[in-house]
Amino acid sequence: MDKFDIKIGEFASIILDDVNKQSVEMNALTTLELEKEFEETELVFLQRAYSLIQDGLRKINREKSEIISKNKMENRIKLLNKRNEIVEHVFKDAENALKVFAKSDEYKEFLLKTIEKNIAAVGVGEGIIVYLAHTDSMYADAVTKQFGVKVELESKTIKMFGGCKVYNPARNIFLDDSFARRLETEREGFLEKCNLAIE
C-alpha cells in the first residue's frame, strides 16, 4: 500500500468516525425531539381527554340534578295533593258535624244567642235584617218576635248551613256569622297556623 492509500484510509477513517459521531448525535437529538413531540402530543390528547371527561361529568351532574329536581317536584305535588285531601276530609267532617248540630235540639238556643250577639255588634239602628239559612225557616218567627228585626231566608244556592248574617243599613255594617263563613275562616287559619310549607 502506498502512502496515498494510507492517507486516504486515515482520512476515510476520520470522516467515518466524524460521520458516526454526528450520526449518534443526530440520533440522540432526533430521539429527544421525538420524545418531546410525543410528550407534547400526549399532553394535548390528555388535555382533550380531561376536557371530554369534565364535559361528561358536567352533563351527568346536570342530568342528575334535573332528575332530582323533577322527583322533588313530583313529590311536592304528591305531598300537596295529600295535604289538600286530608284538609278537605277534616273540614268536610266538620261541615257534616255542624249540619248535624243545626238539626239538634240545642241549636235553637245557640242560634238565638248568636243573633243577639251579632245584633249588639252591628249596633242600634232601624231596619236591621237577620239572614238565616233556608233550613232555619222554622226559627224566623221566633227571631222576629224576640228581637223585633226583619228576617230573610237565604236561597238554597247560598251555602250557609246554620248560623246567621246580620245587616244594619243605618250604619252600613254587615256581619257574616254563618257556619259556612266560620268554617272557611277556620280553614284559612288552620292552613296559616300549621304553615304546612312543602320544602
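That block above? That's the structure.
Residues numbered from 1 in each chain as written. Predicted model: local features only at pLDDT ≥ 70, side-chain atom pairs only at ≥ 80, totals over all residues. Heavy atoms only, no water.

1. Here's the deal with the side chain of Ser178
Phase 1 of the analysis: Its location among the elements puts Ser178 in strand E4 (residues 173-178).
Phase 2 of the analysis: Polar contacts involving the side chain of Ser178 include one to the main-chain amide nitrogen of Arg181, which spans 3.1 Å. (Helix = DSSP H or I, 4+ residues; strand = E, 2+ residues; numbered from the N terminus. Polar contact = N/O pair within 3.5 Å; in protein donor to acceptor, adjacent residues only side chain to side chain.)

2. Examining the side chain of Asn118
Phase 1 of the analysis: Residue position: Asn118 is located in helix H2 (residues 107-122).
Phase 2 of the analysis: Note on Asn118: relative accessible area 5%, which makes it buried.
Phase 3 of the analysis: Residues within four places of Asn118 in sequence aside, it is in contact with Cys164, Val166, Leu175 and Asp177. (Buried < 20%, exposed > 50% of the residue type's maximum accessible area, 1.4 Å probe, protein only. Contact = heavy atoms within 4.5 Å.)

3. Description of the nonpolar core
Phase 1 of the analysis: Membership of the largest hydrophobic core comes to 23 residues, with the highest contact counts inside it found for Ile115, Val130, Leu132 and Val143.
Phase 2 of the analysis: Breaking this core down by element, the ones donating at least two residues are helix H1 (3-102), H2, strand E1 (129-132), helix H3 (140-147), strand E3 (163-168) and helix H4 (179-194).
Phase 3 of the analysis: Here this core gets six residues from one element, more than from any other, and that element is H2.
Phase 4 of the analysis: In contact with Ile115, other than residues within four places in its own chain, are Val130, Leu132, Val143, Phe147 and Cys164. (Core = buried A, V, L, I, M, F, W, Y, C linked by side-chain atoms within 4.5 Å.)

4. What to know about a nonpolar patch on the surface
Phase 1 of the analysis: On the surface, Phe11, Ile15 and Val19 cluster together into a nonpolar patch covering about 270 Å² of accessible area.
Phase 2 of the analysis: In this structure, Val19 sits in helix H1.
Phase 3 of the analysis: The exposure class of Val19 is partly exposed, given its relative accessible area of 44%. (Patch = residues over 30% accessible without salt bridge, like charges linked within 9 Å, V, L, I, M, F, W, Y side chains within 5 Å. Areas by Shrake-Rupley, 256 points an atom, 1.4 Å probe, with all protein chains shown as cover. Salt bridge = Lys/Arg side-chain N within 4 Å of Asp/Glu carboxyl O.)

5. Section: the sheet that holds strand E2 (residues 150-153)
Phase 1 of the analysis: Spatial ordering of the open sheet is given by E2-E1-E3-E4, a layout of four strands whose pairing is mixed. Edge positions in the sheet fall to E2 and E4, since each has one partner strand and no second. Averaged over all neighbouring strand pairs, the angle between strand axes comes to 20°, with direction disregarded.
Phase 2 of the analysis: For E3 and E4, the ladder comprises six bridges, and the chain directions are antiparallel. If you follow Val166 over to E4, its bridge partner there is Leu175.
Phase 3 of the analysis: On the sheet, H2 packs against E1, E3 and E4 and is oriented at approximately 25° with respect to E3. (Pairing = 2+ DSSP bridges. Axes fitted to C-alpha atoms, helices over the stretch in contact; angles between N-to-C directions.)

None of the figures reported here should be taken as evidence of function without further support.
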